[in-house]
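Residue-level structural notes
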Amino acid sequence: MRTATDVMILIGIIIVLFIIGLPTLVLPFGRDQAIFGVVGETILRGGFPYRDAFDFKPPGIHLTYAVGSLISGGRVWGPHLLDLLTWLAGVGALYGLVRPLGRRAAVIAALYLGLAYLVCIRYWDLAQPESFSAALTLIALLLFRESERPAGVVVAGVAFGFAFLMKYPAILALPLFPMVARMPRNVPPPEGDIVDVSPEWRHPAIRWLGLGGGWLLIVGGVAVWLAIGGALSDFVEIQTRYVPGYSQLVLADGFGVAFRASLAIATSFFAERPFLSGLPVIGLGLLAIFDRRSGRWIPAAGIVLQTIGVIAQGKFFHYHWIPLLPYLAWATGVGIDVLVRRLEHRPR
């Protein structure tokens, strides 16, 4: 966002969504969040995850809950506040990603993403690793496309690395980086609006090295921290011996039973929330038929990649589908904008 109008619009969207999200700060923890909270408290007392408190999730969520507990004095509102602020940052990143395709599209996409999470998701599914991972991935994508200096791309790598430390399937978003890189950037022309001009990549290799360097910086740093605490071997053992068996529990009664169960859960998540499914389906159809601009396949690619990530985990709870929300929002915003544009220019 390089224009004052865009900044003011985005500030207004964030304020509205923040007010809508305030009630989430007093919601109780579900079982998963309680585990994250216990591990986070262990970290604050000088302990280490996996060594002093058991969980099989990657360490990013435990560090996040430790920070949330630190700022709230151990109360539930701390992690919920971090969840809300991170998601709103993701909303802002999505606005920036979509903005070169039209201001109306960006506004609709941002509002959809904020409302889909804050209104349509149950308390049990809030403040999960999936929501942090999805928002951090959006931030990484925007920084990778817009940063004019290598340092900005390194920060993108750090954000993407921390998304990976939340949920491993975040790495599946890697093919989206070259796709967004081919999109227009948010560069204002003299008229003060945004034009559809492809960015100039003078040193693309440096950008990829910066992204990988930032990723290794945060992932390697956390690995060193675990090693210093004598928890790295416990972490590796849990990830290599416990997690594979746990992920296969859904197949214990056979593939057919697992498939029907997963389909039922996915259906309940989307079909019971028409807002989450109806508009994106229409948007994807409109993009496929009418849109010819760069980036039109990004939402479809994101949906496919994140669905693969859900399947790879072997679990299909509602919160596992949260990483699809940014791409559903993208399809909704740009699809509706394409439809309105065609209606505005049809012969009378």
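Residues numbered from 1 in each chain as written. Predicted model: local features only at pLDDT ≥ 70, side-chain atom pairs only at ≥ 80, totals over all residues. Heavy atoms only, no water.

Once that is clear, we can look at the overall build of the protein chain. What the protein chain contains, in helices and strands, is 14 helices and zero strands. Helices and strands appear in the protein chain in the N-to-C order α-α-α-α-α-α-α-α-α-α-α-α-α-α. Scored against the burial criterion, the 348 residues of the protein chain give a buried share of 53%. Of the contacts made within the protein chain by residues no fewer than 6 positions apart, 77% connect residues no fewer than 24 positions apart. Put simply, the protein chain shows about 15,500 Å² of open surface, and 70% of that area lies on carbon and sulfur atoms. (Helix = DSSP H or I, 4+ residues; strand = E, 2+ residues; numbered from the N terminus. Buried < 20%, exposed > 50% of the residue type's maximum accessible area, 1.4 Å probe, protein only. Contact = heavy atoms within 4.5 Å. Areas by Shrake-Rupley, 256 points an atom, 1.4 Å probe, with all protein chains shown as cover.)

The next point concerns helix H2 (residues 31–44). In a regular helix each residue adds 1.5 Å, so 14 residues correspond to 20 Å; H2 covers 20 Å between its end C-alpha atoms and thus fits that length. Tucked inside the fold, the buried residues of H2 contact helix H3 (59–72), helix H6 (129–146) and helix H9 (204–228). Backbone geometry just after H2 places Gly 46 at a positive phi near 95 degrees. (Expected span 1.5 Å × (residues − 1).)

Under the counting rule described, the total for this entry stands at 10 salt bridges. Residue Asp 337 is joined to Arg 104 by a salt bridge in which the shortest nitrogen-to-oxygen separation is 2.8 Å. Of the two residues, Asp 337 is situated in helix H14 (residues 325–344) and Arg 104 in helix H5 (residues 103–120); the sequence distance between them amounts to 233 residues. Judged by its relative accessible area of 1%, Asp 337 is buried. Taking relative accessible area as the criterion, Arg 104 reaches 33% and is therefore assigned partly exposed. Residues Lys 167 and Glu 130 are paired through a salt bridge, measuring 3.1 Å at the closest nitrogen-oxygen approach. (Salt bridge = Lys/Arg side-chain N within 4 Å of Asp/Glu carboxyl O.)

Turning to helix H7 (residues 150–166), a few remarks are in order. Given 3.6 residues per helical turn, the α-helix brings residues three or four places apart onto the same face. The end-to-end C-alpha distance of H7 is 25 Å, a good match for the 24 Å that 17 residues give at a rise of 1.5 Å each. Burial analysis of H7 places 12 of its 17 residues in the buried class, the great majority of the element. The complete set of buried residues in H7 reads Gly 152, Val 153, Ala 156, Gly 157, Ala 159, Phe 160, Gly 161, Phe 162, Ala 163, Phe 164, Leu 165 and Met 166. Elements that come into contact with the buried residues of H7 comprise H3, H6, helix H8 (176–181) and H9.

On to the packing of H3 against helix H4 (residues 77–98), then. In the contact formed by H3 and H4, the axes pass within 7 Å of each other and the chain directions differ by 120 degrees. Taken as axis vectors, H3 and H4 run oblique relative to one another. Crossing handedness for the pair H3 and H4: right-handed. Of H4, the residues touching H3 (which contributes Thr 64, Tyr 65, Val 67, Gly 68, Ser 69, Ile 71 and Ser 72) are Trp 77, Gly 78, Pro 79, Leu 81 and Leu 82. (Axes fitted to C-alpha atoms, helices over the stretch in contact; angles between N-to-C directions. Parallel < 35°, antiparallel > 145°, perpendicular 65-115°, else oblique. Left-handed = near helix turned anticlockwise from the far one by under 90°.)

The next subject is a nonpolar patch on the surface. A cluster of nonpolar side chains, Val 7, Met 8, Ile 11, Ile 15, Ile 19 and Leu 22, forms an exposed patch at the surface whose accessible area comes to about 540 Å². As for its placement among the helices and strands, Ile 11 is situated in helix H1 (residues 4–21). (Patch = residues over 30% accessible without salt bridge, like charges linked within 9 Å, V, L, I, M, F, W, Y side chains within 5 Å.)

The next subject is the packing of H2 against H3. One way to put it is that H2 packs onto H3 with a least axis distance of 7 Å and a crossing angle of 75 degrees. As the angle between them shows, H2 and H3 are arranged roughly perpendicular. Residues Gln 33, Phe 36, Gly 37, Val 39, Gly 40, Glu 41, Ile 43 and Leu 44 of H2 form the contact with H3, whose participating residues are Ile 61, His 62, Leu 63, Tyr 65, Ala 66, Ser 69 and Leu 70.

Attention shifts here to the environment of Gly 210. Along the chain, Gly 210 falls in helix H9. Overall, the relative accessible area of 8% leaves Gly 210 in the buried class. The spacing of Gly 210 and Gly 157 is 53 residues in sequence and 6.9 Å in space, taken between C-alpha atoms.

As a further point, take the packing of aromatic side chains. Evaluation of the coordinates by the stated rule reveals 13 aromatic pairs. Between Tyr 50 and Phe 235, the aromatic rings sit 5.0 Å apart at their centres with planes inclined by 55 degrees, giving tilted as the arrangement. Of this pair, Tyr 50 sits in the loop between H2 and H3 while Phe 235 is found in helix H10 (residues 232–247), placing the two residues 185 residues apart along the sequence. As far as burial versus exposure is concerned, Tyr 50 and Phe 235 are alike and both buried. (Phe/Tyr/Trp six-rings, centres within 6.5 Å; stacked < 30°, edge-to-face > 60°.)

This part covers the nonpolar core. Within the largest apolar cluster, 92 residues are counted, with the highest numbers of intra-cluster contacts made by Trp 87, Leu 176, Leu 325 and Trp 330. At 11 residues, H4 tops the list of elements feeding residues into this core. Those residues within four positions of Trp 330 in sequence are excluded, and the remaining contacts are Leu 94, Leu 97, Val 98, Leu 101, Ala 109, Val 180, Met 183, Gly 295, Ile 298 and Pro 299. (Core = buried A, V, L, I, M, F, W, Y, C linked by side-chain atoms within 4.5 Å.)

With respect to the secondary-structure elements, Lys 167 resides in the loop between H7 and H8. A distance of 2.7 Å separates a polar atom in the side chain of Lys 167 from a polar atom in the side chain of Gln 313. Excluding its chain neighbours within four sequence positions, the residues that come into contact with Lys 167 are Lys 57, Pro 129, Glu 130, Ser 133, Gln 313 and His 320. (Polar contact = N/O pair within 3.5 Å; in protein donor to acceptor, adjacent residues only side chain to side chain.)

With that out of the way, let us pick up unusual backbone geometry. Within the chain, Tyr 50 stands out as a residue other than glycine whose phi angle is a positive 75 degrees. Backbone geometry places Ala 127, a non-glycine residue, at a positive phi of 55 degrees. By secondary structure assignment, the location of Ala 127 is in the loop between H5 and H6.

Residue-level pLDDT values for the protein chain average 88, and 90% of them are 70 or greater. Overall, residues 189–202 carries pLDDT values under 50, and its contacts beyond four positions in sequence, including any with other chains, amount to 28 contacts. (pLDDT = per-residue confidence, 0-100.)

Along the chain, Asp 125 turns up in the loop between H5 and H6. For Asp 125, a relative accessible area of 2% gives the class buried. Not counting the four nearest positions on each side in its chain, Asp 125 is found in contact with Gln 33, Tyr 117, His 318, Tyr 319 and Ile 322.

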